[in-house]
Protein chains: 2
Amino acid sequence: MKNRFKSLIVNTILLFSMLPLAHADNSNTKKIQVVLKSYEQVLNNSDVAGVVKLYTTDGVFMAPHHPSAVGIRAIEGAYKSVFKAIDLDVRFDIVEVETLGDDWAFVRTNSAGSIKFNASGKKNDKSYHQELFLMKKTANGDWKIARYAFSSTNPR
Amino acid sequence: MKNRFKSLIVNTILLFSMLPLAHADNSNTKKIQVVLKSYEQVLNNSDVAGVVKLYTTDGVFMAPHHPSAVGIRAIEGAYKSVFKAIDLDVRFDIVEVETLGDDWAFVRTNSAGSIKFNASGKKNDKSYHQELFLMKKTANGDWKIARYAFSSTNPR
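Being a predicted model, the structure only gives us computed values, none of them experimental.

Visitor: Before we go on, may I ask you to explain the environment of aspartate 87 of chain A in this structure?
Guide: All names here are of chain A. Note on placement: aspartate 87 falls in strand 3 (residues 86-100). For aspartate 87, a relative accessible area of 32% puts it in the partly exposed group. Residues aspartate 87 and glycine 50, 37 residues apart in the sequence, show an inter-C-alpha distance of 15 Å. Those residues in contact with aspartate 87 that lie beyond four places of it in its chain are Ser46, Ser114, Ile115, Lys116 and Asn118.

Right under this line is the structure:
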């Protein structure tokens with residue numbers, strides 16, 4: 001009985017010693033989810049300045065049919081081109097968020113929505129994509145997009 | 001003078017205490033580069049069994065124009081379809097390898113080579129892609145592909 005009591009005490013201490021870690025991870029996950037929601041918004045608003053705020057300065061944007069845009073100025077230019085060509089209305093579904101060490105995480109998403117091609121005025125209401133985001137925690141605790149690759153899942 | 005000597009001793013100890021970490025990281029990077037070289041080989045050999053060995057069991061393969069293949073059996077099926085449709089002869093150029101914590105790393109590559117479409121027999125000798133690999137260290141110290149997204153950088 002005494003041993004059982006001891007074991008209870010030890011387990012309780014162990015449990016509470018683990019709580020701050022679990023909490024930290026949970027809070028990181030929530031912060032990352034908020035960044036993803038912000039990304040969805042700035043994308044749908046064709047807001048280049050808003051996009052730029054969400055990337056690390058050394059970020060890389062890997063959009064299909066374009067060379068990788070490396071660094072924040074190249075990313076800015078790439079999104080300017082994207083928003084000139086198309087108007088998006090999409091929703092991201094977060095499939096996975098996983099923290100990797102203290103300062104990194106990845107997010108895997110699927111997105112669905114519409115793309116309007118500004119040159120022709122044509123609209124595709126059934127545009128589906130898959131996305132892989134690599135997120136980095138900056139010195140002030142903000143999570144930003146460090147690397148981002150995506151592609152269409154619509155059949156060719 | 002005595003203080004300067006003390007400082008030299010402290011710095012030397014600090015430097016040597018950091019060496020194993022630097023070495024470990026370097027060795028991880030080399031191991032990851034070997035996995036990428038293996039991936040290039042199995043891809044060019046249309047070797048499904050070889051591909052499967054390079055992925056984690058919970059891996060995800062994100063190929064354009066297909067839904068994400070989640071888990072090793074789905075990955076196996078996806079590569080079977082790929083190798084039935086096309087015959088690859090490509091080289092990967094590793095642009096970045098970065099370890100993220102102890103058990104994760106990412107690799108960013110560009111690839112160039114030829115794709116032969118088996119149905120038509122047509123060949124594209126100027127096929128260019130960009131790739132983002134998320135690598136995970138398994139329990140026995142092997143690095144495997146955990147998530148992998150890519151897209152063509154050829155103009156649409």
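Visitor: Could you clarify how one ought to interpret the relation of the copies chain B and chain A in this entry?
Guide: The operation linking the two copies of the chain is a rotation about an axis combined with a translation along the axis. The two copies are related by a screw operation: chain B maps onto chain A through 180° of rotation and 0.0 Å of translation along the axis, at an RMSD of 0.0 Å. Both copies of the chain, as the preceding transformation shows, are related through a two-fold rotation axis. Nearest to the rotation axis, the C-alpha of glycine 101 of chain B is located 2.2 Å from it, this being the minimum over chain B. A share of 100% of the interface residues of chain B reappears at the interface of chain A, consistent with the copies meeting face to face through the same patch.

Visitor: Even after reading the chapter, I still don't get the packing of aromatic side chains, so can you show me in this structure?
Guide: Residues and elements named next belong to chain A. All chains considered together, the criterion is met by 28 aromatic pairs over all chains. A ring pair is formed by tyrosine 39 and tyrosine 148, whose centres lie 5.5 Å apart and whose planes are at 85°; its orientation type is edge-to-face. Taken together, the positions of tyrosine 39 in helix 1 (residues 2-44) and tyrosine 148 in strand 6 (residues 143-152) put the pair 109 residues apart, joining distant regions of the chain. Grouping aromatic residues by their ring pairs yields a cluster made of Tyr39, Tyr55, Phe61, Tyr79, Phe83, Phe92, Phe133, Tyr148 and Phe150.

Visitor: Sorry, what's going on with the nonpolar core here?
Guide: Nonpolar side chains in soluble globular proteins tend to be buried together. Membership of the largest hydrophobic core comes to 33 residues, with the highest contact counts inside it found for Tyr39, Tyr55, Phe61, Tyr79, Phe133, Met135 and Tyr148 of chain B. When contributions to this core are tallied by element, the ones reaching two or more residues are helix 1 (2-44), helix 2 (48-54), strand 1 (55-62), helix 3 (72-85), strand 3 (86-100), strand 4 (104-117), strand 5 (123-137) and strand 6 (143-152) of chain B. Ignoring any residue separated from it by four or fewer positions in sequence, one finds phenylalanine 61 of chain B in contact with Tyr55, Ser68, Ala69, Ile75, Ala78, Tyr79, Val82, Tyr148 and Phe150 of chain B. Formed by 32 residues, the second largest nonpolar core is a distinct cluster that contains Val48, Ile75, Ala78 and Tyr148 of chain A.

Cut-off values and rules
- Residues numbered from 1 in each chain as written.
- Chains lettered and ligands numbered in written order.
- Predicted model: local features only at pLDDT ≥ 70, side-chain atom pairs only at ≥ 80, totals over all residues.
- Heavy atoms only, no water.
- Helix = DSSP H or I, 4+ residues; strand = E, 2+ residues; numbered from the N terminus.
- Buried < 20%, exposed > 50% of the residue type's maximum accessible area, 1.4 Å probe, protein only.
- Contact = heavy atoms within 4.5 Å.
- Least-squares fit on C-alpha atoms with pLDDT ≥ 70 in both.
- Phe/Tyr/Trp six-rings, centres within 6.5 Å; stacked < 30°, edge-to-face > 60°.
- Core = buried A, V, L, I, M, F, W, Y, C linked by side-chain atoms within 4.5 Å.

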